[in-house]
Amino acid sequence: MLDMLSAKIGAHERLTEAETQDLAAMTDIIGLGMLAEGVRRHRHGDRVTFLRVCHVTLADAADAGPFPDSAGEVRLIDSPVSIEAACAGLRSVFARAGHTPVSAFSLAELENLARHVGTSLPECLAALKDAGLERIAEAAVDHPDFDRGLEALVHAGISVPRLVFDHGTDNWLARVRQLTFLLDRVPGVRALAPLPRQLNSTVPTTGYEDLKRVAVARVIADNIATIQVDWSLYGPKLAQVALTFGADDLDDVPAADDGSLGPRRTPVEEVRRNIQAAALVPVERNGIWGVRS
């Protein structure tokens with residue numbers, strides 16, 4: 001089956017629903033990883049990108065001084081209580097960020113804001129666009145109103161650089177497949193992070209399940225350039241192995257470091273070593289996918 005799937009993928013043919021189910025049911029994790037790794041290398045060669053992120057909340061948005069020069073992105077994730085507060089926070093962050101790319105809020109946070117103030121999501125997005133918002137931080141694929149929200153963002157001229165899963169939902173495979181068809185008509189999404197952001201401590205996922213999800217997502221998400229793993233959430237060990245199962249980008253590497261562990265133990269050096277240990281080339285990027293020198 002692997003040879004057949006590999007040939008179909010090599011011919012740039014989208015897998016059928018039955019083939020997608022067969023792929024997800026595979027127990028040959030090594031073979032699946034090799035298939036996904038082949039797709040990754042075809043797209044990106046031996047390059048793996050990573051992003052250093054500086055997080056900020058609305059409460060800290062107006063603090064004096066610039067953000068660290070090490071940050072490739074300033075990310076404002078919070079739950080504003082009013083559109084005015086969200087716009088004021090955005091303006092303060094933009095003023096401090098200078099030329100560093102800024103992303104702000106999740107799709108779910110913006111939908112909650114619109115409901116809270118009794119307006120429509122398009123009207124809320126229009127106000128934030130006027131305040132300078134160009135890209136949101138993330139949109140959860142498994143959110144009930146995801147499709148409608150994504151289309152509203154595109155219509156407002158606000159980009160969505162990455163899609164995530166909030167939960168380890170049972171129907172994640174069907175959702176990724178649906179996503180590929182949605183993105184055929186709503187282009188512009190760069191990255192998908194297939195591992196859940198909210199971890200259940202009572203029913204944790206296994207490394208086997210996590211790597212399988214990364215590999216399957218890489219194979220079937222044929223119109224998404226990048227498969228991403230959150231460095232801060234999942235740590236160096238899983239992130240490194242995921243790079244050999246189809247992932248090509250490490251998100252949310254801390255921008256700041258207190259230096260207490262020495263220069264060889266800073267987050268950025270640990271990221272570089274982990275990528276190089278996987279026989280890949282680390283490339284630091286910024287929030288709009290430009291290479292940082």
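The structure this text deals with has already been given above.
Below you will find a few notes about this structure. As the structure is a computational prediction, the values presented were derived from the model and not from experiment. (Residues numbered from 1 in each chain as written. Predicted model: local features only at pLDDT ≥ 70, side-chain atom pairs only at ≥ 80, totals over all residues. Heavy atoms only, no water.)

## What about the overall build of the chain?
Quick reminder of the rule: Only DSSP runs of H or I with at least four residues qualify as helices, and only runs of E with at least two residues qualify as strands; both kinds are numbered from the N terminus onward. Buried residues are those whose accessible area, probed at 1.4 Å on protein chains only, stays under 20% of the maximum for their type, while exposed residues exceed 50% and partly exposed ones sit between those limits.
The secondary structure content of the chain amounts to eleven helices and nine strands. For the chain, the spread of C-alpha atoms along the three principal axes comes to 55 × 50 × 40 Å. Burial statistics for the chain: of 293 residues in total, 52% are counted as buried.

## A few points about the packing of aromatic side chains
The line we're drawing: Working definition: rings of Phe, Tyr and Trp (its six-membered ring) pair if their centres are within 6.5 Å, and the pair is stacked with planes under 30 degrees apart, edge-to-face with planes over 60 apart, and tilted otherwise. For a Lys NZ or an Arg CZ to count as sitting over a ring, it must be within 6 Å of the ring centre and within 35 degrees of the ring normal.
Scanning the entire structure with this criterion turns up zero aromatic pairs. Directly above the aromatic system of Trp 289 lies the positively charged group of Arg 190, at a separation of 4.2 Å from the ring centroid. In this structure, Arg 213 is placed above the aromatic ring of Phe 165, and the distance from its NZ or CZ to the ring centre is 5.8 Å.

## Side note on the side chain of Asp 142
Our working rule: The convention is simple: Lys and Arg are positive, Asp and Glu are negative, and His and the chain ends are not counted. Only one rule defines a salt bridge in this text: a Lys or Arg side-chain nitrogen within 4 Å of an Asp or Glu carboxyl oxygen. Polar contact is the term for a pair of N or O atoms within 3.5 Å; when the atoms are in protein, one must be able to donate a hydrogen and the other to accept it, and sequence-neighboring residues count only if both atoms are side-chain atoms. Contact criterion: two residues are considered in contact whenever any of their non-hydrogen atoms come within 4.5 Å of each other.
Within the fold, Asp 142 resides in the loop between strand S4 (139-140) and helix H7 (146-156). Although Asp 142 is buried, it makes no salt bridge; Arg 213 carries the closest opposite charge, 6.9 Å away. There is a polar contact of 3.0 Å between the side chain of Asp 142 and the backbone nitrogen of Asp 166. Sequence-distant contacts of Asp 142, defined by excluding residues within four places in its chain, comprise Val 164, Phe 165, Asp 166, His 167 and Thr 169.

## Digging into unusual backbone geometry
With a phi angle near 60 degrees, His 12 is a residue other than glycine that sits in the positive phi range. As for its position among the elements, His 12 is in the loop between helix H1 (2-10) and helix H2 (17-24). Take His 12: its relative accessible area is 63%, and that puts it in the exposed class. Backbone geometry places Trp 289, a non-glycine residue, at a positive phi of 70 degrees. Examined against the element boundaries, Trp 289 turns out to sit in the segment after strand S9 (281-285).

## Concerning the nonpolar core
As a reminder, the rule being used: Each nonpolar core is a collection of buried residues, namely Ala, Val, Leu, Ile, Met, Phe, Trp, Tyr and Cys, held together in the definition by side-chain atoms within 4.5 Å.
Counting 86 residues, the largest nonpolar core has Leu 23, Ile 136, Phe 146, Leu 163, Leu 179, Leu 192 and Leu 250 as its most contacted members. The biggest single contributor to this core is helix H9 (residues 207-220), with seven residues. Beyond its immediate chain neighbours, meaning those up to four positions away, Leu 192 contacts Val 141, Leu 163, Phe 165, Val 176, Leu 179, Ala 217, Ala 221, Ile 224, Thr 226, Ile 227 and Gln 228.

## Quick look at the packing of H2 against H9
Under the convention used in this document: Every axis in this analysis is a line fitted to C-alpha atoms, fitted for helices over the stretch in contact. Angles between the N-to-C directions lie between 0 and 180 degrees. Orientation is classified from the angle alone, with under 35 degrees giving roughly parallel, over 145 giving roughly antiparallel, 65 to 115 giving roughly perpendicular, and any other angle giving oblique. For any helix crossing, the convention is left-handed if the near helix is rotated counterclockwise from the far helix by under a right angle, and right-handed if that rotation is clockwise.
As a packed pair, H2 and H9 sit with axes 10 Å apart at the nearest point and diverge in direction by 155 degrees. Taken together, the axes of H2 and H9 are roughly antiparallel relative to one another. Handedness of the crossing formed by H2 with H9: right-handed. Within the contact between the two elements, H2 uses Thr 20, Leu 23 and Ala 24 and H9 uses Lys 212, Val 216, Val 219 and Ile 220.

## Some points on the environment of Ala 277
Considering the arrangement of structural elements, one finds Ala 277 in helix H11 (residues 267-277). In sequence terms Ala 277 and Arg 190 are 87 residues apart; their C-alpha atoms lie 26 Å from each other.

## Some points on the side chain of Lys 8
Assignment of secondary structure puts Lys 8 in helix H1. Look at Lys 8 and you get buried, because its relative accessible area is 14%. Residues in contact with Lys 8, not counting those within four places in the same chain, are Glu 13, Arg 14, Leu 15, Thr 16 and Glu 19.

## Examining the pairing of strand S1 (residues 47-56)
What counts is decided by this rule: We call two strands paired when DSSP finds no fewer than two bridges between them.
Among the ten residues in S1, eight count as buried, and that is most of the element. As judged from the five bridges shared by S1 and S9, these two strands associate in the parallel manner. Paired with Arg 47 across the two strands is Val 281, which belongs to S9. Sheet topology places S1 next to strand S8 (residues 249-254); four bridges connect them, and they run parallel.

## Quick word on the pattern of salt bridges
Counted under the stated rule, the structure contains 21 salt bridges. With a shortest N-O distance of 2.4 Å, Arg 185 and Glu 151 are connected by a salt bridge. Of the two residues, Arg 185 is situated in helix H8 (residues 172-185) and Glu 151 in helix H7; the sequence distance between them amounts to 34 residues. If you follow the salt bridges from partner to partner, you end up with Glu 73, Arg 75, Glu 138, Arg 162, Arg 197, Asp 230 and Asp 251 in one network.

## Focus: the pairing of strand S7 (residues 226-230)
As a reminder, the rule being used: When the strands point away from the viewer, a crossover counts as right-handed if the path from the first strand over the helix to the second runs clockwise.
The buried fraction of S7 is high, at five of five residues. Here two bridges tie strand S6 (residues 191-196) to S7, and the two strands are oriented parallel to one another. Across the sheet, the residue bridging to Ala 191 is Thr 226, located in S7. Relative to S8, S7 runs parallel, the two sharing three bridges. In the sheet register, Asp 230 faces S8, and the bridge partner there is Asp 251. Each parallel crossover has a hand, and for S7 linked through helix H10 (residues 231-242) to S8 it is right-handed.

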